[in-house]
Structure formats: C-alpha cells, structure tokens
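Report on the structure
Listed below are the residues making up each chain.
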Amino acid sequence: MRQRLCIIVALATPATVAAQQVDVSVGGSYSSGRYGGPDRTELGTGYVGVGTSHNGWRVDATLPYLTLRSGGEAVDIGGITLPGGQRTSGLGDLTLRASRSLSSVAPFGLTLGAQVKVPTGDETLSTGKVDGRFDAELSRDIGRLSPFILAGYNTYGDSAFLELEDGWSFSAGTGATLGSTALIASYDWSQSSVGGPASHELSTVAAGPLAPGWTWTAFGSKGLSSGAPDFLFGAGITRSFGGSAPPTVRRPRRS
C-alpha cells in the first residue's frame, strides 16, 4: 500500500465509465513502526480527495492533514520522507494522479498511471520538493476474482536535510467480490528512499455501498520487515456523482 500515506485515490481494479463520474472522499488512517530505524514513528492522517472518471481516464487530487510523532532520524514512511525528532501536526503535500485503463491487451486489463506530489505541506511535514511516480498494472477478471500485478518507479527531490534515493515498488494480489462487498488482498514491496531496509507488507482493502451514491472503504496492512510499519489501519467514505458504474475498490497508495 503506497501513497503519501494515505490516500484512497488510485484504481486497483479499474472499470471503464462511459459517463463522467465525480467522487469526493474523506477518511483517515493511523500507522506505527520503526521503518528501519531505532525509534518508533507514529503517523495519523486525515484526508480529503476529489476524483473524476471518464472513458477509461481517472484523475485525482488528494490533500492530507498529518500528525507525526517520530524519533531522532529521518524516516521513509511508505514514500513519505520526513525529518525525525519531532511531534508536529499540519497540512501535508498535495498529491495529483492520472491513470488510463487500456483494453488493447485483452484478455488482460492494463492501467498506466502517473503521479506527482506537490510540496504544499508545512515545512516540518514536507521535503519541500516535488516527487513523482510512474506505474503500470496488469489484471485479469476470472469469475469473481481479479488477480493483478503492479510495478512502479518513484522519484524524489532531495530535501534540505537528506539526499533521497529513487526506487522501485511492486504489488501482487487479487480483488474479489462477495455479494455487494469488494475485497482486495495483496503483497507489497518497495525500496526505501533513505537507504534503509526495503518494506514488505501484506495489505487488505474492503469496500461496499452505504446508500445510493455512497461507498464505505476500510483498509489495513501488516508489516513483514523492519522497513515497513508494524501495522496500519484506516477507513473512508466516498460520495459519487454521475456515471452509471458502481464505485470500485481503490487501493491506498502512499507514494
């Protein structure tokens, strides 16, 4: 699970929507771990996001509010690189993402994505530099299951307090439908931007309808390595306007 800790904005099992659909989401998450360092770091996140889908395209903008408690070293929290030794709260960086679902590789689905993190956050919660990400996801529907693999490359602007390392991330898993509930389970791996151990996680996401146009989402992960959080959990609500397709589950991405 990657993306400026946080943010349920990127498609995991994409669906093509002929009519334009607009989604507004709010939610939050909490994580705790050492992220490869000696000190425990806790991060709480609240977010608001706006996205739109049309003819296979998806565009999202998400802004988080962060509450950080960290030890004495800079940490890479799943793509969020922050200075250590502080307790602080404030706005995080704005994340903009665009993705395109393609059908030219049938019977597989291919989604290409690009993302940029704009340094709008408070100086204690941002590197002050632009970060980017490019990724590709290959999936296939097999009955109620939708197995997928995803590879991404993350680029980081060097901050004033640390030289950061670009790196790869990888996910593999499957989506499933159980009645009106959609589920995703995945294994996620990513390189550290601060030269620490790689992150290995098991992640789950669930989503279902609350009322016409409303969707709930819950997500969590369990770290399998010292570079990952010990645990992460969160939830959100999405209101959709327009379009004819039901909301799809979107995997939280943190970079």
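Definitions and limits used
- Within every chain, residues take consecutive numbers counted from 1 along the sequence as written.
- Only residues with pLDDT of 70 or above have their local features reported here, since the model is predicted, and side-chain atom pairs are shown and tallied only from 80 upward, although totals for entire chains, interfaces and linings are computed over all residues.
- The side-chain values count all of the structure's non-hydrogen atoms but skip hydrogen atoms and water molecules.
- Basic side-chain nitrogens of Lys or Arg form a salt bridge, by our definition, when they fall within 4 Å of a carboxyl oxygen of Asp or Glu.
- Numbering of helices and strands starts at the N terminus; helices are DSSP runs of H or I of at least 4 residues and strands are runs of E of at least 2.
- Relative accessible area decides the class of each residue, using a 1.4 Å probe on protein chains only: under 20% of the type maximum gives buried, over 50% gives exposed, and in between gives partly exposed.
- The term polar contact refers here to a pair of N or O atoms within 3.5 Å; inside protein, the definition further demands a hydrogen-donor-capable atom paired with an acceptor-capable atom, and it admits residues adjacent in sequence only when both atoms are side-chain atoms.
- Note on aromatic pairs: the rings of Phe, Tyr and Trp (six-membered ring only in Trp) are paired at centre separations within 6.5 Å, and the planes decide the class, stacked below 30 degrees, edge-to-face beyond 60, tilted for the rest.
- Here, a strand pair is defined by DSSP locating no fewer than two bridges between the strands.
- Within a predicted model, pLDDT stands for the predictor's per-residue confidence, ranging from 0 to 100.
- By the convention used here, residues are in contact when the closest approach between their heavy atoms is within 4.5 Å.

This paragraph deals with the pattern of salt bridges. Under the criterion given, the structure shown has seven salt bridges. Asp93 is the salt-bridge partner of Lys117, the closest N and O atoms lying 2.7 Å from each other. Of this pair, Lys117 sits in strand S9 (residues 109-118) while Asp93 sits in the loop between strand S7 (87-91) and strand S8 (94-102), and the two are 24 residues apart along the sequence. Lys117 gets classed as buried once you look at its relative accessible area, which sits at 7%. With its nearest N and O atoms 3.1 Å apart, the salt bridge here joins Asp131 to Lys117. Residue Asp131 is located in strand S10 (residues 131-139), and its partner Lys117 is located in strand S9; the two are separated by 14 residues in the primary sequence. The class of Asp131 is buried, set by a relative accessible area of 8%. The structure contains a network of salt bridges with shared partners spanning Asp23, Arg58 and Asp60.

To continue, consider unusual backbone geometry. You will see that Asn55, though not glycine, has its phi angle at about 50°, which is positive. Within the element layout of this structure, Asn55 appears in the loop between strand S3 (41-54) and strand S4 (57-69).

With respect to the element layout, Thr127 can be found in the loop between S9 and S10. Separated by 3.3 Å, the side chain of Thr127 and the backbone nitrogen of Lys129 make a polar contact.

The subject of this paragraph is the packing of aromatic side chains. Taken as a whole, this structure holds four aromatic pairs when the rule is applied. When the ring of Tyr153 is compared with that of Trp168, the centres are 4.8 Å apart and the planes differ by 65°; the resulting orientation is edge-to-face. Of this pair, Tyr153 sits in strand S11 (residues 145-155) while Trp168 sits in strand S12 (residues 167-178), and the two are 15 residues apart along the sequence. Judged by relative accessible area, which is 27%, Tyr153 ranks as partly exposed. Given the relative accessible area of 47%, Trp168 is considered partly exposed. Ring centres 6.1 Å apart and planes at 5° place the aromatic pair Phe231 and Phe233 in the stacked group.

Quick look at the pairing of S9 now. Relative to S9, S8 runs antiparallel, the two sharing nine bridges. Residue Ser101 lies in a different strand from S9, and its bridge partner there is Thr111. Two strands pair when backbone bridges link them, and S9 and S10 are joined in this way by nine bridges, in the antiparallel orientation. Looking at the pairing, Leu112 lines up with Ala136 of S10.

Once that is clear, we can look at the confidence of the model for the protein. Considering every residue of the protein, the mean pLDDT works out to 83; 80% of them sit at 70 or more. Per-element confidence in the protein is highest for strand S15 (residues 214-223), whose mean pLDDT is 96, and lowest for strand S1 (residues 7-11), whose mean pLDDT is 33. When the criterion is pLDDT under 50, residues 1-17 qualifies, and its contacts beyond four places in sequence or with other chains add up to 100 contacts.

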